[in-house]
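# Survey of secondary and tertiary structure
Spelled out from the first residue to the last, the chains are:
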Amino acid sequence: MSQKKSLDGKVIIVTGAGRGIGREIALLAAAEGAKVVVNDPGVAADGSGTNAAPAEEVVEEIKKRGGTAVANFETVAEAIPASKIIKQAIDTYGKLDGVVNNAGILRDAIFHRMSVEAFESVIKVHLMGSFYTSHAAARIFREQESGAFVHFTSTSGLIGNFGQANYAAAKLGIVGLSKSIALDMERFNVRSNCVSPFAWSRLIGTIPTETEEEKARVARMQQMGPEKIAPLSTFLLGDAAKDVTGQIFAVRMNEIFLMGQSRPLRSIHRAEGWTPQTIAEHGMPALKSSFYKLDRSADIFNWDAI
């Protein structure tokens, strides 16, 4: 007996699907039976320019493998173009079952040197883009009482990294967006989850390689191919994930992590209330042992990928 494909009959949108992680998700989703809208305006890593070739090439690859796909070149960074991605899925295939919000750009700079434009452009693609596509799809999902969102976050937001205030703010905002969607739309059988990927892609291809330590780090990262991210993302779109919603996962090579969500760690109480002085004398010293350090992602995930 042939194994049933996990996305048979489903229609899936993958944004930023022309390269890297998005490409691998689109290819696997199609291999698992989905009809795929391959969205990618073909911008450079910093968001400049356009190029139809990446999305078209992925569509051709899917068709060559016997799958079904159509290219879309709209930007997710504006509401109307983003809604046209959803419309194309409905117009082409008659329905929509899942949205993967993967599109992204990078405009890294240390915080005091980061321009307003660099901050806003990254927020618009990652956070606003995830909202625009999800908001347009939510109305369809509500009417049909089914649907799945997979949003891409990052340990830059969940933990921290240098020079990425714009990216970190967007990626942590996506976590809040995903959880809110999960809460608001659970009654309509709509799921929403986040994936934080560890994978070599062009968005991290500008990491410096000047020292031997930096070269070794990049060599390790290059082993973590984007194809390793696709299985979990594809699973989350399928019916087998019907009980999985509101979660944050990380994927690194063959490891899948369930990430924590903010909860109280410790508390302090003073019957008569607090003053700035008593907080300084007693409150903060009592809490300080549980303070988080100024960790970066590499400090927490400090062992080689498996």
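Here we summarise the structure given alongside this text. In this text, all values refer to a predicted model and were calculated from it rather than measured experimentally. (Residues numbered from 1 in each chain as written. Predicted model: local features only at pLDDT ≥ 70, side-chain atom pairs only at ≥ 80, totals over all residues. Heavy atoms only, no water.)

## Quick notes on the layout of surface pockets
Quick note on the threshold: Only protein atoms enter the 1 Å grid, on which a cavity is a set of points fitting a 1.4 Å probe that cannot get out and a pocket is an open set with protein on both sides within 12 Å along at least 5 of 7 lines, lining residues being those with an atom within 4 Å of a point. Grid points are joined across faces, edges and corners, and a volume is the space filled by probe spheres set on the points. Helix and strand definitions here come from DSSP, where helices need a minimum of 4 consecutive H or I residues and strands a minimum of 2 consecutive E residues; each element is numbered from the N-terminal end. In this count, Pro and Cys sit with the nonpolar residues alongside Ala, Val, Leu, Ile, Met, Phe, Trp and Tyr, while Asp, Glu, Lys and Arg are called charged and the others, Gly among them, polar.
Each pocket or cavity is described by its volume, and for the second largest pocket that value is around 800 Å³. Looking at the second largest pocket, it is lined by 24 residues, and the ones nearest its centre are Gly157, Leu158, Ile159, Leu172 and Ser262. Top element by residues in the lining of the second largest pocket is helix 6 (residues 165–185). It accounts for three residues. For the lining of the second largest pocket, the residue count by class is 11 nonpolar, eight polar and five charged.

## Describing the nonpolar core
For clarity, the threshold we go by: To form a nonpolar core, buried Ala, Val, Leu, Ile, Met, Phe, Trp, Tyr and Cys residues must be joined to one another through side-chain atoms within 4.5 Å. Only protein chains enter the calculation, and the probe is 1.4 Å; a residue is then buried if its accessible area is under 20% of its type maximum, exposed if over 50%, and partly exposed in between. Contacts between residues were defined by any pair of non-hydrogen atoms, one from each residue, lying within 4.5 Å.
Ranked by size, the top nonpolar core spans 34 residues in total, and within it Val36, Val38 and Ile62 carry the most contacts. Of all the elements in the fold, those that place two or more residues in this core are strand 1 (11–15), helix 1 (20–31), strand 2 (35–39), helix 2 (53–64), strand 3 (68–72), strand 5 (147–152), helix 8 (230–237) and strand 7 (248–252). Examining the composition of this core, we find that six residues originate from one element, helix 1, more than from any other. Not counting chain neighbours up to four residues away, the residues in contact with Ile62 comprise Ala26, Leu27, Ala30, Val36, Val38, Gly67, Thr68 and Ala69. Counting 30 residues, the second largest nonpolar core, distinct from the first, contains Val11, Leu96, Tyr167 and Val190.

## Regarding the sheet that holds strand 7
Short version of the rule: Here, any two strands with at least 2 DSSP bridges between them count as paired. Orientation is described by axes fitted as lines to C-alpha atoms, over the contacting stretch for helices, and by angles from 0 to 180 degrees between their N-to-C directions.
Strand order in the open sheet formed by eight strands is 3-2-1-4-5-6-7-8, with mixed pairing between adjacent strands. Looking at strand neighbours, the two that pair on one side only are strand 3 and strand 8 (255–258), the edges of this open sheet. Neighbouring strand axes in the sheet, compared pairwise and without regard to direction, differ in orientation by 20° on average. With four bridges joining them, strand 4 (residues 98–101) and strand 5 adopt parallel strand pairing. Looking across to strand 5, one finds that Val99 is bridged to Phe149. The strands that helix 2 touches are strand 2 and strand 3; relative to strand 3, the one it contacts most, it runs at about 175°. The strands touched by helix 6 within the sheet are strand 5, strand 6 (190–198) and strand 7, with strand 6 carrying the most contacts at an inclination of about 155°.

## Examining empty space enclosed by the protein
Evaluation of the coordinates by the stated rule reveals one cavity of 30 Å³ or more. Lining of the largest cavity is provided by Val175, Ser178, Lys179, Cys194, Gly246, Gln247, Ile248 and Gln261. When residues in the lining of the largest cavity are grouped by element, the largest group, three residues, is from helix 6. Of the residues that constitute the lining of the largest cavity, the class distribution is three nonpolar, four polar and one charged.

## A short note on helix 6
As a reminder, the rule being used: Given a helix with a known number of residues, its expected span is that number minus one, times 1.5 Å.
Under the 1.5 Å per step criterion, the end-to-end length of helix 6 is 30 Å for 21 residues, consistent within 8% with the ideal 30 Å. The set of residues buried in helix 6 consists of Asn166, Tyr167, Ala168, Ala170, Lys171, Ile174, Val175, Leu177, Ser178, Ile181, Ala182 and Met185. Each element contacted by the buried residues of helix 6 is listed here: helix 4 (116–144), strand 5, helix 5 (155–158), strand 6 and strand 7.

## Looking at the packing of aromatic side chains
The way to describe two aromatic rings as a pair is by their centre distance and the angle between their planes. Counted only if it meets this: Only centres within 6.5 Å qualify two rings of Phe, Tyr or Trp (six-membered ring in Trp) as a pair; their planes then separate them into stacked at under 30 degrees, edge-to-face at over 60, and tilted for everything else. Here, a charge over a ring means that NZ of Lys or CZ of Arg falls within 6 Å of the ring centre while also lying within 35 degrees of the ring normal.
Scanning all chains against the criterion turns up six aromatic pairs. Relative to Trp303, the ring of Phe301 lies with its centre 5.7 Å away and its plane at 35°, an arrangement referred to as tilted. Taking the relative accessible area as the measure of exposure, Trp303 reaches 38% and is therefore partly exposed. The side chain of Arg252 reaches across the aromatic face of Phe198, ending 5.9 Å from its centre. Above the ring of Trp303, the side-chain terminus of Arg252 is found at 4.8 Å from the ring centroid.

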